[in-house]
Amino acid sequence: MNYCNIKYCDIANGNGIRTTLFVSGCTHHCKGCFQPETWDFNYGEPFTDRTAEEIIESLRPDYVDGLTLLGGEPWEPSNQAALYPFLKKVREELPGKSIWAFSGYTWEELMDPDNSRCHTEFTESMMKLVDILVDGEFHLEEKNLMLRFRGSENQRIINVHESLSKNEIVLSDFMEKEK
Ligand code: SF4
């Protein structure tokens with residue numbers, strides 16, 4: 001997996017102060033995408049053990065709330081294979097930090113075992129490590145600059161643990177706070 005950027009002390013992509021990893025590769029090709037250069041899986045730098053360690057170190061201070069995965073598309077199958085062991089390590093070393101992940105895929109698409117475009121052997125295990133999923137492609141016609149943490153009205157901020165335990169989508173309180 002390649003990545004195109006790491007933002008430290010990011011306050012735009014999740015609650016509080018975060019480290020945000022922008023991975024490379026995205027097959028959605030949404031009209032109006034904010035960074036189409038990240039569609040290319042070969043864009044940016046290789047994500048190495050050293051990159052992972054640097055991110056984990058950046059998460060250690062008390063003032064850092066957690067990690068956000070953005071893209072590109074973190075849930076492209078080849079990116080899941082690289083991100084699952086990384087998230088496991090983050091959880092083991094820093095269990096108190098929150099993990100947010102963005103996806104152009106919807107929750108339903110990701111969790112559908114028959115959807116070979118994005119459901120892999122890693123998807124469910126990776127989802128269990130995530131606290132908040134912001135799902136859905138960016139729809140230019142539903143763009144709304146007033147939304148927090150999402151670009152268009154169709155996207156949802158999902159409480160992953162509640163959704164998994166109830167077996168239905170539970171929206172996060174972060175959606176309510178926009179109103
Ligand atoms: S899912 Fe995100 S990165 Fe991919 S094309 Fe859509 S807006 Fe761009």
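Residues numbered from 1 in each chain as written. Predicted model: local features only at pLDDT ≥ 70, side-chain atom pairs only at ≥ 80, totals over all residues. Heavy atoms only, no water.

(A) Representation of the pairing of strand E4 (residues 66-70) within the structure. Among the five residues that make up E4, five are buried, leaving the element largely enclosed by the rest of the structure. Across five bridges, the pairing between strand E2 (residues 18-23) and E4 is parallel. Of the residues in E4, the one forming a bridge with Thr20 is Thr68. Sheet topology places E4 next to strand E5 (residues 98-102); four bridges connect them, and they run parallel. Looking at the pairing, Gly66 lines up with Ser98 of E5. As for the winding sense of the linkage, the β-α-β connection from E4 through helix H2 (residues 77-93) to E5 is right-handed. (Buried < 20%, exposed > 50% of the residue type's maximum accessible area, 1.4 Å probe, protein only. Helix = DSSP H or I, 4+ residues; strand = E, 2+ residues; numbered from the N terminus. Pairing = 2+ DSSP bridges. Right-handed = clockwise from strand over helix to strand, strands pointing away.)

(B) Looking closely at the site of the ligand. The ligand sits among Cys26, His28, His29, Cys30, Cys33, Trp39, Gly72, Gly104 and Phe138. Looking at side-chain class alone, the shell around the ligand contains five nonpolar, four polar and no charged residues. (Near = heavy atom within 4 Å. Nonpolar A, V, L, I, M, F, W, Y, C, P; charged D, E, K, R; others polar.)

(C) The arrangement of the pairing of strand E1 (residues 2-10) in detail. With two bridges connecting them, E1 and strand E3 (residues 45-46) associate as antiparallel partners. Bridge assignment links Asn2 to a residue of E3, and that residue is Pro46. Two strands pair when backbone bridges link them, and E1 and E2 are joined in this way by five bridges, in the antiparallel orientation. Across the sheet, Lys7 pairs through a bridge with Thr20, a residue of E2.

(D) Highlighting H2. Look at H2: 25 Å from first C-alpha to last across 17 residues, which is about the 24 Å you get at 1.5 Å a residue. Taken as a whole, H2 carries its principal kink of about 30° at Leu83; the proline Pro85 stands between one and four residues after it. Listed in full, the buried residues belonging to H2 are Asn79, Gln80, Leu83, Tyr84, Phe86, Leu87, Val90 and Arg91. Taken together, the buried residues of H2 touch E2, helix H1 (49-59), E4, E5, helix H3 (107-111) and helix H4 (123-128). (Expected span 1.5 Å × (residues − 1). Bend = angle between axes of the 7 residues up to and from the residue. Contact = heavy atoms within 4.5 Å.)

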